[in-house]
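Notes for the structure review
Now for the letters of each chain:
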Amino acid sequence: MSKMNMQRTGLIIDDATIMRLRLRDILEPYYKIVAEAENGDQALSLFKENKPDFLTLDITMPGVDGLEALQNILAADPHAKVVIVSAVGQKQIVFQALSKGAKDFIVKPFESERVRKSIDRLFD
Amino acid sequence: MKAEFANPFITAAVDVLEKETGVKLSRKDLKLKSAPIPTLPISVIIGVTGPVRGQVVYSMDEDFAFAIAKAMLPSKLPVDQHRLTYSAVSEISNMITGQASIALAGENQTIAITPPAVFVGNNMQVDFLNVPTIALSFISELGVLEINIALSE
């Protein structure tokens, strides 16, 4: 892992505490996780506040869900690097997320390696 | 209630529990009920909308729930055991429903699932849908898991 990646910052968005902790565990040795959000509203304000280099985004969340949050985040910054991490891997939803501008779609349950490689690829 | 709704949940439950916790689930029982009322003390309710709609209610005892949480994130469990346990069982239920929804939605349709709601206690009063329900139960080395599927087209 390059030293440059250690300076990259990430925002984790998931309504489940256990998934936020787990994603942090997987990514923190390689990236600086600057904040966690548990819904789409919080995600947008933390995104604007922290300007992270990447985001992991769940879809099923209370209030503003992940697909709406994705649109809001990309409206605020069209270059935002968003990787969806969701249990709802239906074809139409994967298609919607990728066509709205998500860089990757990881279906839960996932292997740690799958998550780390997906984020690494954002900066290749 | 179509009997075919059960198969995606059986496959998803076995697959998700094995991937997330390393535990093998075995089918114990299948019953038909008039509503998805759970029989074990910790329950997770997930709503389903779209071409297939209704509720899926997961139910388990405390030992099973603690064991799931411990297997999912052993190093972090002691910090706030109850909060993480409920979060873990919510997330496992979300993953099972999410994976089953892939099969139920097929190629061209979309099925939405609600965020999970956790209920704890044996005497909880909840207004469940009055929908014919398939109740699946599974056994494992961690304990018993029950899935009540109350879905219709």
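The model shown is predicted, which means the values in this text are computed figures rather than measured ones.

What counts and how
- Residues numbered from 1 in each chain as written.
- Chains lettered and ligands numbered in written order.
- Predicted model: local features only at pLDDT ≥ 70, side-chain atom pairs only at ≥ 80, totals over all residues.
- Helix = DSSP H or I, 4+ residues; strand = E, 2+ residues; numbered from the N terminus.
- Buried ≥ 20, exposed ≤ 12 C-beta atoms within 10 Å, placed from the backbone.
- Contact = placed C-beta atoms within 7 Å.
- Nonpolar A, V, L, I, M, F, W, Y, C, P; charged D, E, K, R; others polar.
- Pairing = 2+ DSSP bridges.
- Core = buried A, V, L, I, M, F, W, Y, C linked by C-beta atoms within 7 Å.
- Right-handed = clockwise from strand over helix to strand, strands pointing away.

1. Section: the overall build of chain B
The number of helices and strands found in chain B is three helices and seven strands. Of the regular secondary structure in chain B, the N- to C-terminal order runs α-β-β-β-α-α-β-β-β-β. Relative to its 153 residues, chain B shows a buried fraction of 42%.

2. Topic: the interface of chain A and chain B
Taken together, the contacts link 19 residues of chain A with 27 residues of chain B. Of all the secondary-structure elements, those providing two or more residues to the side of chain A that touches chain B are helix H2 (17-27) and helix H5 (91-100) of chain A. Along the lines of polarity and charge, the residues of the side of chain A that touches chain B split into ten nonpolar, five polar and four charged.

3. Structural notes on the pairing of strand S2 (residues 42-49) of chain B
Consecutive side chains of a regular strand alternate in pointing toward one face of the sheet and then the other. All names here are of chain B. Counting buried residues in S2 gives six out of eight residues, a clear majority hidden from the surface. Bridge count for S2 against strand S3 (residues 53-60) is seven bridges, and the pairing is antiparallel. For Ile-45, the partnering residue across the bridge sits in S3 and is Val-57. Sheet analysis places S2 next to strand S5 (residues 117-120), joined by four bridges and oriented antiparallel. When the sheet's bridge partners are listed, Ile-45 is paired in S5 with Ala-117. Pairing geometry for S2 and strand S4 (residues 112-113), over two bridges, is antiparallel. Each residue of the ladder has a partner; that of Thr-49, found in S4, is Ala-112.

4. Some remarks on the nonpolar core
Core analysis: the biggest nonpolar cluster contains 79 residues, and Leu-55, Leu-57, Val-82 and Ile-84 of chain A together with Ala-13, Ile-68 and Val-89 of chain B have the highest contact counts within it. Element by element, the count of residues in this core is highest for helix H3 (residues 81-105) of chain B, at ten residues.

5. A few points about the environment of Phe-128 of chain B
Residues and elements named next belong to chain B. Secondary-structure assignment places Phe-128 in the loop between S5 and strand S6 (133-140). Placed 71 residues apart in sequence, Phe-128 and Val-57 show a C-alpha to C-alpha distance of 9.3 Å. Beyond its immediate chain neighbours, meaning those up to four positions away, Phe-128 contacts Ala-35, Pro-36, Ile-37 and Gln-55.

6. Comments concerning unusual backbone geometry
Geometrically, the link from Lys-108 of chain A to Pro-109 of chain A is a cis peptide bond, its omega value of -5° lying close to zero. As for its position among the elements, Pro-109 of chain A is in the loop between strand S5 (104-107) and helix H6 (112-122).

7. Regarding the pairing of strand S3 (residues 54-57) of chain A
All names here are of chain A. The alternating pattern of S3 places Phe-54 and Thr-56 and Leu-55 and Leu-57 on opposite faces, both of which are buried. Bridge count for strand S1 (residues 9-13) against S3 is four bridges, and the pairing is parallel. Opposite Ile-13, over in S3, you have Leu-57 as the bridge partner. By the bridge criterion, three bridges tie S3 to strand S4 (residues 82-86) in an arrangement that is parallel. Opposite Leu-57, over in S4, you have Ile-84 as the bridge partner. Assessed by its sense of winding, the connection that carries the chain from S3 through helix H4 (residues 66-76) to S4 is right-handed.

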